[in-house]
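# Structural characterization, general
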Amino acid sequence: PESLYRAHGADHAAMQANKLLSLVFVFDGRSVLLGLKKRGFGQGKYNGFGGKLEAGEVMRACAARELREEAGLSVPAAALVRRGVLNFHMLADSGMKGADGTIASRLEVHVYSCSLGDAEGEVAESEEMAPRWWGCDQVPLGQMWADDAHWLPHVLAGGDVLGDFTFADQATLVSHSLDKLPPGAMQLDEQRTRRLRVDHLVYGVPGSLDEACAAFEAATGVAPTKGGVHKGLGTHNAIVALGGAEDGSCGASCGYLELLALDPAQQPRPERVWMAMESVAARGEPRLVTWAHTPARGLEACAAAAAAAGYQPGDVQSFSRQTPHGRTLQWQLAYRHYTEAMLPSDGLVPFLIEWAPSCAAFT
């Protein structure tokens, strides 16, 4: 709360920047590698190895990079085991200071572990850290951050954690909450999260599709590819590939951005227009309309499970369209978003899609 920040003398407006960070613990049997911070934020304290997420980087890659830079060990990102997420609220001027002088008062730390057997290279001191092995029952909690005493023993014993900590300054822990999770809980959660696959994002444009494509290319340097016509639904589209997960969790497939517009060639306009596009056109402003999820366990099973849980995703329907190159694309949808007023949570809740096997190379 702002009152709490003011009570500790903080300039709240100057301290709102968030920081995403990684933290890695390397195990060798019942020993864990810690590093004594030699400079900067946390100087003089023992900790795992990690640091700030860089632009364009995923968190696992950040964790692997920081471990290599700070301790000389190279570990494949896939060998890192997710162990927890810790949120820190740093009051007064105790946050992490950036190169531009701003203070990040809210830190979100993603915790990983790995085995020394998965690493290449030799443990080596760096400009940031002086590494040292400790027995898991002998870690120097008195020389570590005050929050570590609450969650680190559980991680060292094999469990996972979710925590929230508030510091008045870098030495004084004001409050905390902690969920101690069983071993593997965070890894299982990550696997479940990966099953929520973004097939595509639907971005509705009120005017000409050609003009929208030109504007997109001018803004990004990427030219959208013409998709095709949704016959009988009043729209046509263009698409831009978004790329896949760097860790390969989605295989060779990737999501895409769909630029969707009313098709002036479809006259008279159909009674049901695709994806609330009449509302987008009437408002005269583009918007992210909604998005599509590809269920890992199959469209019909997912739709049935959603209905059993009290949410009606719509009837499963079959669709097809021709690409500009004459190829027929076929898919099924569970869909009920025909007017803007019907968009669940204003488009936040996805519709379900499943492509025919013949479309695998395209999708």
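Residues numbered from 1 in each chain as written. Predicted model: local features only at pLDDT ≥ 70, side-chain atom pairs only at ≥ 80, totals over all residues. Heavy atoms only, no water.

### Things to note about the overall build of the chain
Heads up, the rule is: Helical segments are the DSSP runs of H or I of at least four residues, strand segments are the runs of E of at least two, and each set is numbered from the N terminus. In this scheme, a residue with accessible area under 20% of its type's maximum is buried, one over 50% is exposed, and one in between is partly exposed, where area comes from a 1.4 Å probe on protein chains only. The contact criterion used throughout is that any non-hydrogen atoms of two residues lie within 4.5 Å. Method for areas: the Shrake-Rupley scheme with a 1.4 Å probe, in which residue coverage is limited to the protein chains shown.
Each helix and strand counted, the chain has seven helices and 18 strands in total. Counting every position in the chain, which comprises 363 residues, the buried fraction comes to 45%. In the chain, the proportion of contacts linking residues at least 24 apart, taken out of those at least 6 apart, comes to 67%. If you sum the accessible surface of the chain, you get close to 17900 Å²; carbon and sulfur atoms cover 52% of it.

### Let's talk about unusual backbone geometry
Across residues other than glycine, the phi torsion is negative in most instances, and most of the peptide bonds are trans. Following Gln-267, the chain continues to Pro-268 via a peptide bond in cis, the omega torsion being -5 degrees. Within the secondary structure layout, Pro-268 lies in the loop between β14 (255-262) and α6 (277-283). In this structure, Ala-276 takes a positive phi of about 60 degrees despite not being glycine. Positionally, Ala-276 belongs in the loop between β14 and α6.

### Looking at the sheet that holds strand β12 (residues 225-230)
Definition in use: For two strands to be treated as a pair, DSSP must find at least two bridges joining them. In this analysis an axis means a line fitted to C-alpha atoms, helices contributing only their contacting stretch, and an angle means the value between N-to-C directions, from 0 to 180 degrees.
Across the sheet, which stays open at both edges, the eight strands sit in the order β12-β13-β14-β11-β15-β18-β17-β16 with mixed pairing between neighbours. The open sheet has two edge strands, β12 and β16 (316-322), and neither has a second partner. For this sheet the average axis-to-axis angle between neighbouring strands, irrespective of direction, equals 30 degrees. Bridge analysis of β12 against strand β13 (residues 235-243) gives five bridges, and the strand direction is antiparallel. Considered in β13, the bridge of Val-229 is made with His-236. In the packing of helix α5 (residues 209-220) onto the sheet, the strands contacted are β12, β13 and β14, and the crossing angle to β14 comes to about 140 degrees.

### Looking at the confidence of the model for the chain
Which entries qualify depends on this criterion: The predictor attaches a confidence to each residue, called pLDDT, with possible values from 0 through 100.
Mean pLDDT over the chain: 84, with 83% of residues reaching 70 or higher. Across residues 1-17, confidence stays below pLDDT 50; counting only partners more than four residues off in sequence or on other chains, it has 26 contacts. The low-confidence segment residues 246-252, where pLDDT is below 50, has six contacts with residues more than four positions distant or belonging to other chains.

### Regarding the pattern of salt bridges
Applied cut-off: Any carboxyl oxygen of Asp or Glu that lies within 4 Å of a side-chain nitrogen of Lys or Arg is treated as forming a salt bridge with it.
Under the defined criterion, the tally for this structure stands at ten salt bridges. The salt bridge involving Lys-38 is made with Glu-125; its shortest N-O contact spans 2.9 Å. In this pair, Lys-38 sits in the loop between β2 (31-37) and β3 (46-47) while Glu-125 sits in the loop between β7 (106-115) and β8 (129-135), placing the two residues 87 residues apart along the sequence. By relative accessible area, Glu-125 is classed as exposed at 56%. In this structure, the salt-bridge partner of Arg-83 is Asp-160, at a minimum N-O distance of 2.9 Å. Highlighted residues: Arg-83 in strand β4 (residues 81-90) and Asp-160 in strand β9 (residues 160-169), separated in sequence by 77 residues.

### Some remarks on the environment of Pro-350
Here Pro-350 shows up in the loop between β17 (328-334) and β18 (351-355). Overall, Pro-350 belongs to the buried group, its relative accessible area being 19%. Each C-alpha atom of the pair Pro-350 and Thr-294 lies 9.6 Å from the other, and the pair is 56 residues apart in sequence.

### Some thoughts on the side chain of Ser-126
Selection criterion: Any pair of N or O atoms that falls within 3.5 Å is considered a polar contact. Within protein, one atom must be able to donate a hydrogen and the other to accept it, and sequence-neighbouring residues count only if both atoms are side-chain atoms.
Its location among the elements puts Ser-126 in the loop between β7 and β8. Within the structure, Ser-126 has its side chain in polar contact with the backbone oxygen of Glu-70 (distance 2.8 Å). What Ser-126 contacts, discounting residues up to four positions off in sequence, is Lys-38, Glu-69 and Glu-70.

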